[in-house]
Amino acid sequence: MEFLEQRREHALALFRIVLGLFFVIHGVQKISKGTELLSWPAGPMSLIELIGGGLILIGLWTRWAALLTSGAMAYAYFVVHQPKGLLPIENGGELAAVYSWAFLLLVFTGAGAWSIDQLRTKSQKKALATA
């Protein structure tokens, strides 16, 4: 288990990168299908998917972006999907529910390795150490 524990930050980084990439692709798909950016809620949701997913992908302001995207996916689930049926398998909301929970996990864990957030933290610590 030590082998796995030593790679925890990198596994978290891969999780964040793949999740962010999938979310960006989801937003691009909506816009390429002709979703108008001023239509509610699809337009703002497409922007949240593109911008929030991009920030999560590169690991910039990850916790804030994940909080926004988690809330947006919870909104999508409860407003769009849940009225169609009680369970996600009934109402087609599995993806929205999984995205919401996955992004909520990133709110608590942060970006992990290979992120701009990590680079910023390291440079701030280095600046404090030399001051």
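Look above for the structure.
It should be emphasised that the depicted structure is a prediction, and the values quoted were computed from it without experimental measurement.

Novice: Would you take a moment to explain the nonpolar core for this structure?
Specialist: Considering soluble globular proteins, one finds that nonpolar side chains tend to be buried as a cluster. Judged by nonpolar contacts, the single largest core of 20 residues is most densely connected at Leu19, Ile56, Ala66, Met73, Tyr99, Phe103 and Leu106. Looking at this core, the elements with two or more residues in it are helix H2 (8-32), helix H3 (42-58), helix H4 (62-81) and helix H6 (94-109). Looking at this core, the element that brings in the most residues is H6, giving 7 residues. Ignoring anything within four residues of it in the chain, the contact list for Ala66 reads Ile56, Phe103, Leu106 and Val107.

Novice: Help me understand the side chain of Ser100 in this model?
Specialist: Assignment of secondary structure puts Ser100 in helix H6. Owing to a relative accessible area of 12%, Ser100 belongs among the buried residues under this scheme. With sequence-adjacent residues up to four places away left out, Ser100 is seen in contact with Ser70, Met73 and Ala74.

Novice: Quick question: what am I supposed to make of unusual backbone geometry here?
Specialist: What you tend to see is this: most non-glycine residues have negative phi, and most peptide bonds are trans. Here the residue pair Trp40 and Pro41 is connected by a cis peptide bond, since its omega of -5° sits within 30 degrees of zero. One can find Pro41 in the loop between H2 and H3. Unlike most non-glycine residues, Trp61 shows phi in positive territory, near 50°. As for its placement among the helices and strands, Trp61 is situated in the loop between H3 and H4. A relative accessible area of 46% places Trp61 in the partly exposed class.

Novice: Any chance you could explain the layout of surface pockets here in plain terms?
Specialist: One way to see where empty space is left: roll a probe the size of a water molecule over the atoms. Of the voids in this model, the largest pocket is the one considered here, and its volume is about 220 Å³. Residue lining of the largest pocket: 16 residues in total, with His26, Lys30, Met73, Ala76 and His81 positioned closest to the centre. Taken together, the elements giving at least two residues each to the lining of the largest pocket come down to H2, H3, H4 and H6. A per-element tally of the lining of the largest pocket places H4 first, with 5 residues. The residue inventory of the lining of the largest pocket, partitioned by class, reads 10 nonpolar, 4 polar and 2 charged.

Novice: Where do I start with the pattern of salt bridges in this structure?
Specialist: Pairing is possible between side chains of opposite charge, provided their charged atoms come close. Counted under the stated rule, the structure contains 3 salt bridges. Between Glu5 and Arg8 there is a salt bridge, and its shortest N-O distance comes to 3.5 Å. Across the pair Glu49 and Lys30 runs a salt bridge whose closest N-O atoms are separated by 2.9 Å. Of this pair, Glu49 sits in helix H3 while Lys30 sits in helix H2, placing them 19 residues apart in sequence. With relative accessibility at 0%, the residue Glu49 sits in the buried group.

Rules used in this analysis
- Residues numbered from 1 in each chain as written.
- Predicted model: local features only at pLDDT ≥ 70, side-chain atom pairs only at ≥ 80, totals over all residues.
- Heavy atoms only, no water.
- Core = buried A, V, L, I, M, F, W, Y, C linked by side-chain atoms within 4.5 Å.
- Buried < 20%, exposed > 50% of the residue type's maximum accessible area, 1.4 Å probe, protein only.
- Helix = DSSP H or I, 4+ residues; strand = E, 2+ residues; numbered from the N terminus.
- Contact = heavy atoms within 4.5 Å.
- 1 Å grid on protein atoms, 1.4 Å probe; cavity = no way out; pocket = protein on both sides within 12 Å on 5 of 7 lines; lining within 4 Å.
- Points joined across faces, edges and corners; volume = space filled by probe spheres on them.
- Nonpolar A, V, L, I, M, F, W, Y, C, P; charged D, E, K, R; others polar.
- Salt bridge = Lys/Arg side-chain N within 4 Å of Asp/Glu carboxyl O.

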